[in-house]
Amino acid sequence: MKKILCSFITTMLMMTATIAQNSESLNLLLNEINADSLRKTVLDLQNFGSRFALREGGNKQVAEYIQQRLENYGVTTVIDSFYQQGYNWLVGEYGAFFYNVKGVLNSQNPVDDSLVVIGAHLDAISLDDYYELQTLAPGADDNASGVAVMVEIARVLHKYPTEFHRNIQFSGYDGEELGLFGGHHDAEMHLQNQSKIAVMLNNDMVSYQPDDDWRVTLHWYDNALDVLDKAVAACREYTNIEPFVPTQFQNGDAGASDSYAYATRNYKSVFAIEYTFSTSYHTEHDVADSNNYAYHADITRYNLAMLADYAQMENEVSVAERKTNCPGTVYPNPASDKAILQFSLDEACDARLAITNMAGQVVNDLPLYALDAGPNLVELDFSNIPAGIYLCRFLSNKCSWTTKIIVK
């Protein structure tokens, strides 16, 4: 994430090759998102040692890695290289090639020619206390985490082929830390080509957050307040994350990442960033072990829910139209060997209950058949589960929700 100096943020079920496209489909896709898979992508990017865009050779190999990952998941991908020269306060005069990644998942039955863009910057930077460049720039949170979100979504959509009615562009932007170079390049190309973009979903630093305070800041733009409303709804319905919407005064960092390049060209966008800002920002200590991958997985679920809405996942109800059921409550909580999960349903249904640890690993997977409309009680057995904090995710074709459980 590019920031002005001295500023601060204030604020599994068996399936056939193709799944039925309804609200249950989205719930199943969301449940497939895997914290370990996100961590692997972050580690792969960290292992480049540095992703500083102006180092010798630039980020061509980084772009090739992302291209290969997306192509492995059936996304038609190219590297969009461009040359830029100018002056930067860190390095003085420069002239170099930058390497954007552009992957497109084409709809077989588009409703229009609008595009949904999900993107993140692929470069990183590391400075010492005197703002001198450092050799290592691992950039695990800033911003391997954002790249991992889009790669993970591509993986899930490849595993369970899903029909959308708009094309989806997966974008990795180079040179963000130097001035949103890649974002401006891509947004300008779209403008020159008179592209229609339904929404641009930007993720920049989305994996550092304490377990006891899962929040995400949603930076917004004046031309996309409707997008902001849907983003808030998606967080609350499909994740365990509480969205934080900054005031006009607090929203200054909306200009600090690639979504701003689209907003200035009147494309609608929203910018997600962790609420608790990383203490390792722009240093050699921004490494994979500092990230919270269960939180990271929920950020990915928010993005997939937004993508399903804007890219018009077949037969999927929009975020604004879906009914939000109250999440269940667990008592006692904290629990020891056993506890009771209580919840109420508007309609009878079958469901699945997945209990995961804070690393995103499933520790118990319980099918729930023929649940009744109205109040329901389910006994939970924790006798073989170590003490800790867990997430209980309820999934059905009628609703989905998550609640936290503490096992002592």
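Relevant structure appears above.
These numbers come from a predicted model, not from an experiment.

Cut-offs applied
Residues numbered from 1 in each chain as written. Predicted model: local features only at pLDDT ≥ 70, side-chain atom pairs only at ≥ 80, totals over all residues. Heavy atoms only, no water. Helix = DSSP H or I, 4+ residues; strand = E, 2+ residues; numbered from the N terminus. Buried < 20%, exposed > 50% of the residue type's maximum accessible area, 1.4 Å probe, protein only. Areas by Shrake-Rupley, 256 points an atom, 1.4 Å probe, with all protein chains shown as cover. Axes fitted to C-alpha atoms, helices over the stretch in contact; angles between N-to-C directions. Parallel < 35°, antiparallel > 145°, perpendicular 65-115°, else oblique. Contact = heavy atoms within 4.5 Å. Nonpolar A, V, L, I, M, F, W, Y, C, P; charged D, E, K, R; others polar. Pairing = 2+ DSSP bridges. Core = buried A, V, L, I, M, F, W, Y, C linked by side-chain atoms within 4.5 Å. Phe/Tyr/Trp six-rings, centres within 6.5 Å; stacked < 30°, edge-to-face > 60°. Lys NZ or Arg CZ within 6 Å of the ring centre and 35° of its normal. Salt bridge = Lys/Arg side-chain N within 4 Å of Asp/Glu carboxyl O.

Hey, could you run me through the overall build of the protein chain in this one?
Along the protein chain, the regular secondary structure elements total nine helices and 15 strands. For the protein chain, the spread of C-alpha atoms along the principal axes amounts to about 70 × 50 × 40 Å. Looking at the protein chain residue by residue over its 408 residues, the buried ones come to 59%. Total accessible area on the protein chain is roughly 16,700 Å²; 50% of this is exposed by carbon and sulfur atoms.

How should the packing of helix α3 (residues 60-72) against helix α4 (residues 140-159) be read in this particular structure?
Two quantities define a packed helix pair, namely the angle between the helix axes and the distance between the axes. Closest axis-to-axis distance for the α3/α4 pair is 8 Å, and the angle between their directions is 20°. On the basis of their axis angle, the class for α3 and α4 is roughly parallel. The residues of α4 that touch α3, namely those facing Ile-66, Arg-69, Leu-70 and Asn-72, are Val-147, Met-150, Val-151, Ala-154 and His-158. Residue composition of the contact of α3 with α4, by class: six nonpolar, two polar and one charged.

I'm lost on the pairing of strand β14 (residues 388-396) in this one. Help?
When you tally the buried positions in β14, you get seven out of nine residues, the bulk of the element. Relative to β14, strand β11 (residues 349-357) is paired through seven bridges, and the arrangement is antiparallel. Counterpart to Arg-352 in the pairing with β14 is Leu-395. In the sheet, β14 pairs with strand β15 (residues 400-407) via eight bridges, with the strands oriented antiparallel. Bridge pairing in β15 places Tyr-390 opposite Ile-405.

Would you take a moment to explain the nonpolar core for this structure?
Here is a general trend for soluble globular proteins: nonpolar side chains tend to be buried in one another's company. With 71 residues, the main nonpolar core has Ile-66, Ile-118, Phe-170, Leu-218, Tyr-302 and Leu-304 as its most contacted residues. Counting residues per element, this core draws most heavily on helix α9 (residues 293-310), which supplies twelve residues. Listed in part, the 23 residues of the second largest apolar core include Cys-349, Ala-351, Cys-392 and Ile-405.

Hey, could you run me through unusual backbone geometry in this one?
Negative phi values dominate among residues other than glycine, just as trans dominates among peptide bonds. The amide bond that connects Asp-142 to the next residue, Asn-143, takes the cis arrangement and shows omega of 10°. Looking at the secondary structure, you find Asn-143 in helix α4. In this structure, Pro-334 follows Asn-333 across a cis peptide bond, with omega equal to 15°. You can see Pro-334 is positioned in the loop between β9 (329-331) and β10 (338-345). Of note, the phi angle at Tyr-131 is positive, near 60°, even though the residue is not glycine.

Can you help me understand the sheet that holds strand β7 (residues 242-244) in this one?
Sheet strands pair via backbone hydrogen bonds, and the direction of the pair is either parallel or antiparallel. Strand order in the open sheet made by the eight strands is β1-β2-β4-β3-β5-β8-β6-β7, with mixed pairing throughout. Each end of this open sheet is capped by a strand with a single partner; those strands are β1 (76-88) and β7. The sheet shows a mean angle of 25° between the axes of neighbouring strands, direction not considered. As paired strands, strand β5 (residues 196-203) and strand β8 (residues 269-274) are joined by four bridges and run parallel to one another. Note that in β8 the partner of Asn-202 across the bridge is Phe-271. Lying over the sheet, α3 contacts β1, β2 (92-105) and β4 (167-173), oriented at roughly 155° with respect to β1.

Any chance you could explain the packing of aromatic side chains here in plain terms?
Geometrically, a pair of aromatic rings is defined through the distance of the ring centres and the angle of the planes. Under the counting rule described, the total for this entry stands at twelve aromatic pairs. Among the aromatic residues, those joined into a cluster by ring pairs are Phe-82, Tyr-94, Phe-98 and Phe-181. Its guanidinium or amino end placed over the ring of Tyr-310, Lys-230 lies 4.9 Å from that ring's centre, counting from NZ or CZ.

Please clarify how the pattern of salt bridges should be interpreted in this entry.
Pairs can form between side chains of opposite charge once their charged atoms are near each other. The tally for this structure, following the rule as stated, stands at 18 salt bridges. One salt bridge connects Asp-44 with Lys-40, and the closest N-O pair in it is separated by 2.8 Å. Of this pair, Asp-44 and Lys-40 both sit in helix α2 (residues 35-46), four residues apart, which is roughly one turn of that helix. For Lys-40, a relative accessible area of 46% translates into the label partly exposed. Across the pair Arg-166 and Asp-112 runs a salt bridge, and its minimum N-O distance is 2.9 Å. A residue pair is termed long-range when its members are at least 10 positions apart, and Arg-166 in the loop between α4 and β4 and Asp-112 in the loop between β2 and β3 (114-121) qualify at 54 residues. The structure contains a network of salt bridges with shared partners spanning Glu-32, Glu-152, Arg-155 and Lys-159.

Quick question: what am I supposed to make of the environment of Glu-347 here?
With respect to the secondary-structure elements, Glu-347 resides in the loop between β10 and β11. For the pair formed by Glu-347 and Gly-172, sequence separation is 175 residues and the distance between their alpha carbons is 42 Å.

Quick question: what am I supposed to make of the sheet that holds β9 here?
Strand order in the open sheet formed by three strands is β9-β10-β13, with antiparallel pairing between adjacent strands. Edge positions in the sheet fall to β9 and β13 (374-381), since each of these pairs with one other strand and no more. Taken over all neighbouring pairs, the strand axes of this sheet differ in orientation by 25° on average, direction set aside. Of the pairings in the sheet, the one linking β10 to β13 comprises eight bridges and is antiparallel in character. The residue bridging Ile-340 from the neighbouring strand is Glu-379, located in β13.

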